[in-house]
Amino acid sequence: MTRKRTIALTVNGRRYDKEVEVRLTLADFLRHHLGLTGTHLGCEHGVCGACTILLDGRSARSCLLLAVQCEGRAVTTVEGIAPDADTLHPLQQAFREHHGLQCGFCTPGMLTTLIEFLRDNPDPTEQEVRIAISGNLCRCTGYQGIVAAALAAAKRMQAAPV
Amino acid sequence: MKPPPFEYHDPRTEAEVVGLLARLDNAKLLAGGQSLMPMLNMRYVLPDHVVDLNRVEGLSYIREAGGALEIGAMTRQRDLEFSDLVRRRCPLMHEALAHVGHRQTRNRGTIGGSLCHLDPAAELVAVATACDAVVTVAGPNGRRDLPFAEFPAGFMMPSIAPDEFIIAVRIPLWAAGHGHAFVEFARRHGDFAIVSAAAMLEADGGGHITRASVTVGGVAVAPQRMRDIEAGLAGQTPSPHLFRELCESCRKLEALEDIHAPAAYRQHLAAVLSRRALETAHTRLGSGARR
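Note that the structure is a prediction, hence the values are computed from the model and not measured.

Undergrad: Now, about helix α10 (residues 240-247) of chain B: what can you tell me, with residues and values included?
TA: Residue and element names in this part refer to chain B. Residues of α10 that are buried include every one of F243, L246 and C247, and no others. Taken down its axis, α10 places every buried residue within 95 degrees of arc, on the same side. Close packing links the buried residues of α10 with α9 (227-233) and α11 (263-284).

Undergrad: Which residues make up the environment of B:I171, and what are the values?
TA: Residues and elements named next belong to chain B. Looking at the secondary structure, you find I171 in strand β10 (residues 165-172). As for I171 and M226, which are separated by 55 residues in sequence, their C-alpha atoms are 19 Å apart. Filtering out sequence-adjacent residues up to four positions away, I171 remains in contact with A68, L69, I71, C90, C131 and A133.

Undergrad: Give a detailed account of the packing of α10(B) against α11(B), specifying residues and quantitative values.
TA: When two helices pack together, their arrangement is given by the angle between their axes and by how far apart the axes lie. Residue and element names in this part refer to chain B. Axis separation between α10 and α11 bottoms out at 9 Å; the angle between their running directions is 145 degrees. When you trace α10 past α11, the crossing you get is right-handed. Along the contact surface, α10 presents P240, F243, R244 and C247, while α11 presents A271, S274, R275, L278 and E279.

Undergrad: Run through the sheet that holds strand β5 (residues 68-72) of chain B, naming residues and quoting values.
TA: All names here are of chain B. Judged by pairing direction, the sheet is antiparallel, and its five strands sit side by side in the order β4-β5-β10-β6-β7 without closing on themselves. Here the strands that pair on one side only, and so sit at the sheet edges, are β4 (62-65) and β7 (142-147). For this sheet, the mean inter-axis angle between neighbouring strands, taken without regard to orientation, is 25 degrees. Where β4 meets β5, four bridges bridge the pair, whose relative direction is antiparallel. Within the sheet, the bridge partner assigned to A65 lies in β5 and is A68.

Undergrad: Could you give an account of the interface of chain A and chain B, with specific residues and numbers?
TA: Contacts between chain A and chain B engage 24 residues on the former and 24 residues on the latter. Looking at the side of chain A that touches chain B, the element that brings in the most residues is strand β4 (residues 58-61) of chain A, giving four residues. Partitioned by chemical class, the residues of the side of chain A that touches chain B number nine nonpolar, ten polar and five charged.

Undergrad: Explain the domain arrangement of chain A to me, using residue names and the numbers behind them.
TA: Residues and elements named next belong to chain A. According to the domain assignment, chain A contains domain 1 (4-80) and domain 2 (90-159). Taking only C-alpha atoms, the centre of domain 1 and the centre of domain 2 are 22 Å apart. Contacts between domain 1 and domain 2 engage 14 residues on the former and twelve residues on the latter. Listing elements by their share of the side of domain 1 that touches domain 2, those giving two or more residues are β3 (52-55) and β4. The element that contributes the greatest number of residues to the side of domain 1 that touches domain 2 is β3, accounting for three residues.

Cut-offs and rules
Residues numbered from 1 in each chain as written. Chains lettered and ligands numbered in written order. Predicted model: local features only at pLDDT ≥ 70, side-chain atom pairs only at ≥ 80, totals over all residues. Buried ≥ 20, exposed ≤ 12 C-beta atoms within 10 Å, placed from the backbone. Helix = DSSP H or I, 4+ residues; strand = E, 2+ residues; numbered from the N terminus. Arc of directions from axis to C-beta. Contact = placed C-beta atoms within 7 Å. Axes fitted to C-alpha atoms, helices over the stretch in contact; angles between N-to-C directions. Left-handed = near helix turned anticlockwise from the far one by under 90°. Pairing = 2+ DSSP bridges. Nonpolar A, V, L, I, M, F, W, Y, C, P; charged D, E, K, R; others polar. Domains from an automatic or database assignment.

Structure representation (structure tokens):
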């Protein structure tokens, strides 16, 4: 039977070899098999954006990927974006300073989405930021703090690239 | 919300895919996964086999050849959106892509997947209709070309056999400097449109329309060309009055009625959006040299 497979992939710079069911989503693999519960699951059908991760540097919904599809690929989750255990990524720091999170549920998806966005577009307008996070639902802060944090992080990262 | 059990296949070549589709019963092709994966998670579909196209070689490219853009079926929407070639040579597709889902879904979603899923309101389906695209299909009897006008067989049902799959899409190019516009109305950014409209225009030196393509999406089971509007524009010098008058014919279209909108609202949107698309396409006529 081909309902289980052993996969090798890199998550946050660390290599993992695991046997998984082929129907397992990447999101469940990260959370249940690797214990990386920073990736949140809201809707599990690609609408809420909470489970967004970076796959080879490009943002994607981890609920819409199978773990087996990530064989040989590099995944970055919210746990992997800070430079070290004691330092926040400038975007995380900006979220903290600008009240970009309340309950924190959407935050991992917001951060991963914005990291890719700010890499492609280092000097965005407010409108561009709002479009960039249009695929991420937040039910607490009303987006104001998140947009402010993204714009502040853009300025900081332009002055001192990560 | 977990996918049902299935067997997973990840072929590397076109021939392997054809072989698997010939052999397997109740198989689903997995392209970008932005429609099939939600359907699996919600168990709307229960396939015995999933054939993943993501590792098949040679299905992702964008090139210009023989007066057309040739696009591999597994080319990501995001690669099309960022393609300079697409922006210069098929600006209608570039404009439409901004409406396709979100950044995260465009990173995965493919042109072949969009066309085969065939949502009535899908932007790339409307673009393929507007551009008279030709789809190349591979199957047990080799490859065949299918004009996009013959591609929809019904609601979300492409006219390809269960043992066939799309490998490429050819988009015939319009003259440099043609006018184009893609407009849509959706409740939220990134949603499928309730109604969309696409327009392309070419004109002679005197401003008379020499070629027109007008498409409305989301109204019926598949996007449709508005042949009467196109015929009414031929040889004319465009004016707001002419556009408005011709687009009124959209109010006679047979229209879907569902939880999102009644038929009369879709007819109204089709008339308004096709007029707006034509007006914008007209203002862009001749701007090709600047792009």
